[in-house]
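# Geometric and topological summary
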Amino acid sequence: AASVLDESKSASCIISVTALNRELKGVIWDEEGQVWWSKFNTDTLPAYERLSAVDLPVNATMVAGDTLYASTLDTANMVSDLYTVDPVTYEMTLVGPSEIGYTDMTNAPSLGCGIATYGQYIVLVDLQTGDYMGAWDWTEGAAGDLVGITYYGSAFNSNYNAYMDYYYLIDNKGNLYA
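### Regarding the packing of aromatic side chains
Within this structure, the stated rule accounts for five aromatic pairs. Ring centres 5.4 Å apart and planes at 20° place the aromatic pair Trp37 and Tyr90 in the stacked group. With Trp37 in strand β2 (residues 35–41) and Tyr90 in the loop between β6 (81–85) and β7 (92–97), this pair connects stretches of sequence that are 53 residues apart. Both residues of the pair, Trp37 and Tyr90, count as buried.

Here it is, written out as structure tokens:
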């Protein structure tokens, strides 16, 4: 890459890409807008196997402890419902509604709750009620609306004498945040 200000300045680096050959399960929306619990292998995308049809607009899933959760997104009203999901039968049981719409969610093990994205906010999700419990305002940090979040890991922070969770986020402009 060359500097825009001084073309005589440049740098280079070597990037290694590791292909993941993993079988995963999740929710896939097909080309007709039908939602499916599915399994797929990262090495053979875009192929996937349909496991069970979903009659709700499920847009995000996560695992917390031994429980599989799914959220729906009503884009007309920007609200979500949180469900638990039986991982064998894919039967969904309503946990409860949220006043806001979760665009994605993941586990927050050190906080003991879920964590989701909503516009330019990162919100804490109460896994007992389905509603949000609080939020971090990212309007100063994000270039667009946050649309994806994934748990990266936890590490002990000696300054706080506690474990802290780390995440990757992506916004609707394609920017990745860690």
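What follows continues from the structure just given.
### Notes on the layout of surface pockets
Counted as a void, the largest pocket has a volume near 370 Å³. Together, 17 residues line the largest pocket, and Leu24, Lys25, Gly26, Val27 and Thr61 are the ones closest to its centre. Among the elements of the structure, β1 (23–29), β2 and β4 (58–64) are those that each provide at least two residues to the lining of the largest pocket. Classifying every residue of the lining of the largest pocket by side-chain character gives 13 nonpolar, three polar and one charged. Together, 14 residues line the second largest pocket, and Ile115, Trp136, Asp165, Tyr166 and Tyr167 are the ones closest to its centre.

### As for the environment of Asp104
With respect to the helices and strands, Asp104 occurs in strand β8 (residues 104–108). Taking the C-alpha atoms as reference points, Asp104 and Tyr152, 48 residues apart in sequence, are found 15 Å from one another. Not counting residues up to four positions away in its chain, the partners in contact with Asp104 are Asn59, Ala60, Ile115, Ala116, Thr117, Val147, Gly148 and Ile149. At 2.9 Å, the side chain of Asp104 and the backbone nitrogen of Ile149 are in polar contact.

Analysis parameters
Residues numbered from 1 in each chain as written. Predicted model: local features only at pLDDT ≥ 70, side-chain atom pairs only at ≥ 80, totals over all residues. Heavy atoms only, no water. Phe/Tyr/Trp six-rings, centres within 6.5 Å; stacked < 30°, edge-to-face > 60°. Helix = DSSP H or I, 4+ residues; strand = E, 2+ residues; numbered from the N terminus. Buried < 20%, exposed > 50% of the residue type's maximum accessible area, 1.4 Å probe, protein only. 1 Å grid on protein atoms, 1.4 Å probe; cavity = no way out; pocket = protein on both sides within 12 Å on 5 of 7 lines; lining within 4 Å. Points joined across faces, edges and corners; volume = space filled by probe spheres on them. Nonpolar A, V, L, I, M, F, W, Y, C, P; charged D, E, K, R; others polar. Contact = heavy atoms within 4.5 Å. Polar contact = N/O pair within 3.5 Å; in protein donor to acceptor, adjacent residues only side chain to side chain.

No statement about biological role is implied by the geometric values presented.
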